[in-house]
Structure formats: C-alpha cells, structure tokens
Amino acid sequence: MNGPIISPSILSADFAKLGEEVRAVSEAGADWIHLDVMDGHFVPNITFGPAVIKALRPHSAKHFDVHLMIAPADPYLAAFAEAGADTISVHVEAGPHIHRSLQAIRNLGKRAGIALNPGTPASAVEPLLDLVDLVLVMTVNPGFGGQSFIPSTLETIARIRAMCAGREIDIEVDGGIDPETVILAARAGANAFVAGNAVFKGGPAGYSERIAAIRAGAASMGGGPLSC
Ligand code: DX5
Ligand code: ZN
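So, here is what we can say about the structure in this document.

Quick notes on the rules
- Residues numbered from 1 in each chain as written.
- Chains lettered and ligands numbered in written order.
- Predicted model: local features only at pLDDT ≥ 70, side-chain atom pairs only at ≥ 80, totals over all residues.
- Heavy atoms only, no water.
- 1 Å grid on protein atoms, 1.4 Å probe; cavity = no way out; pocket = protein on both sides within 12 Å on 5 of 7 lines; lining within 4 Å.
- Points joined across faces, edges and corners; volume = space filled by probe spheres on them.
- Helix = DSSP H or I, 4+ residues; strand = E, 2+ residues; numbered from the N terminus.
- Nonpolar A, V, L, I, M, F, W, Y, C, P; charged D, E, K, R; others polar.
- Buried < 20%, exposed > 50% of the residue type's maximum accessible area, 1.4 Å probe, protein only.
- Pairing = 2+ DSSP bridges.
- Right-handed = clockwise from strand over helix to strand, strands pointing away.
- Polar contact = N/O pair within 3.5 Å; in protein donor to acceptor, adjacent residues only side chain to side chain.
- Core = buried A, V, L, I, M, F, W, Y, C linked by side-chain atoms within 4.5 Å.
- Contact = heavy atoms within 4.5 Å.
- Near = heavy atom within 4 Å.
- Sits in = over half its atoms within 2 Å of the grid points.

### Regarding the layout of surface pockets
Then comes step 1: The calculated volume of the largest pocket comes to roughly 330 Å³.
Then comes step 2: Looking at the largest pocket, it is lined by 28 residues, and the ones nearest its centre are G145, G146, G175, G176 and G196.
Then comes step 3: Secondary-structure elements contributing two or more residues to the lining of the largest pocket are β2 (32–38), β3 (63–69), β8 (192–195) and α7 (197–200).
Then comes step 4: Counted by class, the lining of the largest pocket contains 11 nonpolar, 13 polar and 4 charged residues.
Then comes step 5: The calculated volume of the second largest pocket comes to roughly 150 Å³.
Then comes step 6: Around the second largest pocket sit 13 residues that line it, and A73, D74, A94, G95 and S101 are the ones nearest its centre.

### A word on the pairing of strand β5 (residues 111–116)
Then comes step 1: With 5 of 6 residues buried, β5 is to be regarded as a mostly interior element.
Then comes step 2: With 5 bridges connecting them, strand β4 (residues 87–91) and β5 associate as parallel partners. By the bridge assignment, V90 is partnered in β5 with I114.
Then comes step 3: In this fold, β4 hands off to helix α4 (residues 98–107), which returns the chain to β5; that crossover is right-handed.
Then comes step 4: One ladder, built from 4 bridges, connects β5 with strand β6 (residues 134–138); its direction is parallel. Looking across to β6, one finds that G113 is bridged to L134.

### Describing the side chain of N191
Then comes step 1: With respect to the helices and strands, N191 occurs in the loop between α6 (181–188) and β8.
Then comes step 2: By relative accessible area, which is 0% here, N191 ends up buried.
Then comes step 3: Polar contacts involving the side chain of N191 include one to the side chain of D170, which spans 2.8 Å.

### Structural notes on the nonpolar core
Then comes step 1: Core analysis: the largest hydrophobic core is formed by 64 residues, its most contacted members being I10, L68, V135 and F193.
Then comes step 2: Apart from the residues lying within four places of it in its own chain, the contact partners of F193 are P4, I5, I6, S7, V173, I177, V182, A185, A186 and A218.
Then comes step 3: One finds L134, M138, V140 and A192 within the second-largest nonpolar core, a separate group that totals 8 residues.

### Some words on the site of ligand 1
Then comes step 1: Among the 20 residues in the neighbourhood of ligand 1, the closest are listed as D36, G143, G146, D174 and G196.
Then comes step 2: At a separation of 3.4 Å, an oxygen atom of ligand 1 approaches a polar side-chain atom of H34.
Then comes step 3: Contact between ligand 1 and N197: an oxygen atom at 3.0 Å from a main-chain N or O atom of the residue.
Then comes step 4: Using a 2 Å cut-off from the grid points, one finds that ligand 1 occupies the largest pocket.
Then comes step 5: For the shell around ligand 1, the element with the highest residue contribution is β2, accounting for 3 residues.
Then comes step 6: Grouping the constituent residues of the shell around ligand 1 by class yields 8 nonpolar, 10 polar and 2 charged.

Structure (structure tokens):
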C-alpha cells in the first residue's frame, strides 16, 4: 500500500462493545485494525485471544493486524490464522526458535511480522528479513496503552529502514503515536502507524478526525510510497 497505513489499536476501545468499536473505526478511515493479544506472562497484562478476534471478524473487512505479546506463540498461531488474522506478528524476544514461528505463519497463508521491544537492538531482526512482511518496532514497552513514546526508538526505526532497502517490508510503529510523534516516526522511516489512545480517547464522534490528523502527520513526511 502506498502512503501511510493507520492501524487503530482496539486496546483503547470500549471492551463492552468491541464489535461496534471495530465497525466505527473502520468507517472512520482506519486502514488496518490492530489487535493486541497479551498473556500476562510475556507482558504484565491480559487482553483477549482468538475467540474474540473470530467474533470481531464479521464486523469489518479491514486488514486484521494481530500483535501477539505471548510466549510461547507457536501453539496458538493456527488458531489466530483461523480466527481471521491477516498479519500475525510475534516478538523476537518471545522464544528461542523465531524462524520456526515466522515460517509457520507464512505456511498458514498469513503475512508474518516480527516485533521488537524498545530495549532490543535493530540487529536482532536483521537475520529474519527474508522471512517477514512487516517489522513492528515497539515505541513503548508493550503491555499497556497510553504510554509515552520513547525517542531512542527512532534510531532503531532508521536502522531497520536502511536494512530493509530493496525489500517489500512494512515498518510499523506501536506505542505513544499521536499527531506529533507520528511525524518523527515517519521521518525515521516507518510507514504503518498503530494508535490506541490517540484514536479512541474521547469516543466515536472524533474517530475520523483523529485518524485523519495522524494520517496528515505521517503524510507530511512525503507523499510517495513509504514501504521499503
Ligand atoms: C502496547 C500495545 C499497543 C497499544 C498502543 O503494548 O502493543 O498497540 O495499544 O497504545 P497507545 O497508542 O495508546 O500507546
Ligand atoms: Zn500493539
């Protein structure tokens, strides 16, 4: 996809009416829907699993961007694929056999993503670039919405952008993205932008305006194809 991809994270949505929330952000201009799966083990919070994603699937035709913050991930990959995930991202820190996980995702017919925490160097994903369609750079430590963007991640984004040259790989950022920080992330080389609080805080009446503001910030860094 050319131009910025905006992927609202339903972690900040009203969990009592998730179907309605997914429909509302889809109609408000989201490109993808970001689904944060947390296990209370890899990260200190618990959210939802494949059954919830499956239940949400009929509510939107948008690309389901599933971010697994679980360890181990491998036993659950097929369930997330069957639930309707389009991209499945696993963390490089989450297990000892990351090639196996990424190959398994592609064998399930899904796009494979590799995620890395702010404390993990860009070099950790370098050997994996032939196996992925997306690199998910965490710009906060995963576990919670509403945290502040960590500026040192900009260098990680830039390094990964340089490493990806010549490949069709999306570089996605996740955590503390708002109409200001999105500019920094786009300038560093990201082309896909997760936003939880910055989209959902304030309720559905503002979804389209807030998505548009994030898109405008990202697009201000250039109008051409942003993926590497
Ligand atoms: C954090 C999650 C994010 C989170 C982002 O662990 O991976 O997707 O929802 O939320 P904001 O945009 O509020 O930082
Ligand atoms: Zn996420």
